[in-house]
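Spelled out, the chains give:
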Amino acid sequence: MALKLFNTLGRELQEFTPLHPSQVGLYTCGPTVYDYPHLGNYRSYLFADLLRRVLKANNYQVKHVMNITDVDDKTIKRSQDEKKGLKEFTQFYTERFFSDRDALNILPADLYPQASDYLDQMVALIERLLQAGYAYKSDDGSVYFSIAKDKAYGKLAQLNLNELTTNASGRMKTDEYEKDSARDFALWKAWDKSDGEIFWQTSLGKGRPGWHIECSAMSMANLSESFDLHTGGVDNIFPHHENEIAQSECATNKPLAKYWLHNEWLLVEGKKMAKSAGNFYTLRNIIDQGYAPLAYRYLTLTAHYRKQLNFTWESLTAAQTALNKLEDIMRDLAGSELGEVNEKYHQQFITSLNDDLNAPQALATVWEVVNDAALSPAEKKATLLDFDQILGLGLDQIKPLEIPAEVQKLVEERETARKSGDFSASDTIRDQIEKLGFKIDDSPTGPKIRQK
Ligand SMILES: [Zn+2]
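Residues numbered from 1 in each chain as written. Predicted model: local features only at pLDDT ≥ 70, side-chain atom pairs only at ≥ 80, totals over all residues.

We now examine the domain arrangement of the chain. When cut into domains, the chain gives domain 1 (19–263), domain 2 (292–397) and domain 3 (405–451). One C-alpha centre belongs to domain 1, the other to domain 3, and the line joining them spans 59 Å. (Domains from an automatic or database assignment.)

Below you can see the structure in the form of structure tokens.
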């Protein structure tokens with residue numbers, strides 16, 4: 001089955017056909033490095049990672065670019081609050097982001113362009129828009145995009161254009177605002193006192209770029225003026241992606257991205273997880289509570305990316321339990337040979353994922369494989385490892401359990417006690433084993449030793 005994806009542009013499920021068969025270009029809006037990303041941000045990057053792995057499973061070669069926003073309203077303000085240089089401040093959070101990425105087993109992108117390295121490209125793009133009449137300078141020297149000049153403005157967010165032309169007067173200098181505030185937005189922000197030391201002296205004057213132009217410049221510089229896929233969270237649809245489309249397409253007269261994909265929100269008690277709402281958790285918070293980062297990865301796979309996912313400690317516990325079980329199964333299989341991937345299950349698994357990345361259905365296939373007594377251990381192992389190339393749950397890292405001789409001896413003594421009906425002795429030995437950090441699950445095939 002061919003890969004189908006839901007394109008926000010047009011709001012429909014479409015078959016994926018790449019612009020160039022040899023290489024697929026994928027751009028993901030990356031972190032604004034002014035704080036630790038929260039789990040809602042990571043849902044977005046995990047979704048992009050899933051997409052990338054599914055593209056790879058469909059034999060596409062992917063070039064993945066994720067930007068790092070290291071200059072914008074938020075990074076400037078926070079670095080000033082902490083009395084640190086912008087570069088030093090953003091470098092710290094960029095490194096934290098990379099270590100979280102690795103803990104979540106997110107494949108590194110091919111490139112991580114940093115906005116502050118792309119000023120030339122941003123200025124050139126703004127100059128193009130000025131020349132073509134889509135942008136104008138305001139009294140303070142800032143440059144704004146004129147949405148009235150762009151007849152296609154609003155196509156991604158499906159804004160009502162009639163309402164726009166009557167309401168959209170005036171300008172918007174801040175980067176984030178609501179749909180009903182749609183109006184001319186800043187491409188270039190003339191320096192003012194609040195920027196302090198942060199400015200560039202360019203042909204546009206002294207100032208700094210707006211957030212939206214950063215992604216247009218970095219995506220086109222590192223992919224091309226038209227590329228295949230652009231991803232982000234649903235809150236990026238407006239204004240960020242709408243403005244990216246406006247700036248890029250008016251300058252180049254070409255579609256920026258063919259497919260626009262957006263993941264839904266992560267909720268906490270029914271509300272969007274957000275820094276501004278103060279109801280967020282970072283990866284560090286869940287590690288401190290004893291959860292593995294990959295348990296969060298598992299949790300995100302239990303919901304379709306276009307459905308809201310409610311984060312609760314109960315749901316995270318359930319994800320951790322499921323992950324532990326999978327790891328135990330892989331540990332049991334660690335000693336067996338690697339057989340052939342089961343073709344029927346492989347097809348079933350890929351068919352789910354090719355249907356707009358239906359991860360919950362793909363996970364159901366994982367458990368079918370686990371519970372299929374007709375599969376040989378060798379086949380089971382190969383099939384689960386094959387699935388994990390897409391799921392990224394680290395199952396390929398599971399090693400056989402190393403059981404100390406002392407524990408092994410106690411297990412044997414306990415078996416002897418059990419077989420002779422001496423259950424009190426058997427319980428005492430079980431306690432001794434637990435003290436050594438192991439536990440025993442009695443199964444029909446004999447005792448199974450696990451790490452506690
Ligand atoms: Zn972006």
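What follows concerns the packing of helix H4 (residues 119–131) against helix H7 (residues 237–252). The interhelical angle for the contact between H4 and H7, taken along N-to-C directions, is 65°, at an axis separation of 9 Å. For the element pair H4 / H7, the angle class is roughly perpendicular. The two elements H4 and H7 cross, and the hand of that crossing is left-handed. Note on element contacts: H7 touches H4 through Gln-247, Cys-250 and Ala-251, opposite Leu-125, Arg-128 and Leu-129. Here the contact of H4 with H7 is built from residues that sort into 4 nonpolar, 1 polar and 1 charged. (Axes fitted to C-alpha atoms, helices over the stretch in contact; angles between N-to-C directions. Helix = DSSP H or I, 4+ residues; strand = E, 2+ residues; numbered from the N terminus. Parallel < 35°, antiparallel > 145°, perpendicular 65-115°, else oblique. Left-handed = near helix turned anticlockwise from the far one by under 90°. Contact = placed C-beta atoms within 7 Å. Nonpolar A, V, L, I, M, F, W, Y, C, P; charged D, E, K, R; others polar.)

As summarised here, the arrangement of the 4 strands in space is S4-S3-S11-S12, forming an open sheet in which the pairing is parallel. Strand pairing shows two members of the sheet lacking a second neighbour, strand S4 (62–66) and strand S12 (257–263), which therefore form its edges. Along the sheet, successive strands turn relative to each other by an average axial angle of 20°, direction set aside. In terms of strand pairing, strand S3 (residues 24–28) meets strand S11 (residues 227–233) through 3 bridges, oriented parallel. (Pairing = 2+ DSSP bridges.)

For S3, the buried fraction is high: 5 of the 5 residues fall into the buried class. Of the two faces of S3, the one lined by Val-24, Leu-26 and Thr-28 and the one lined by Gly-25 and Tyr-27 are each fully buried. In the sheet, S3 pairs with S4 via 5 bridges, with the strands oriented parallel. Looking at S4, one finds that Tyr-27 is bridged to Val-65. (Buried ≥ 20, exposed ≤ 12 C-beta atoms within 10 Å, placed from the backbone.)

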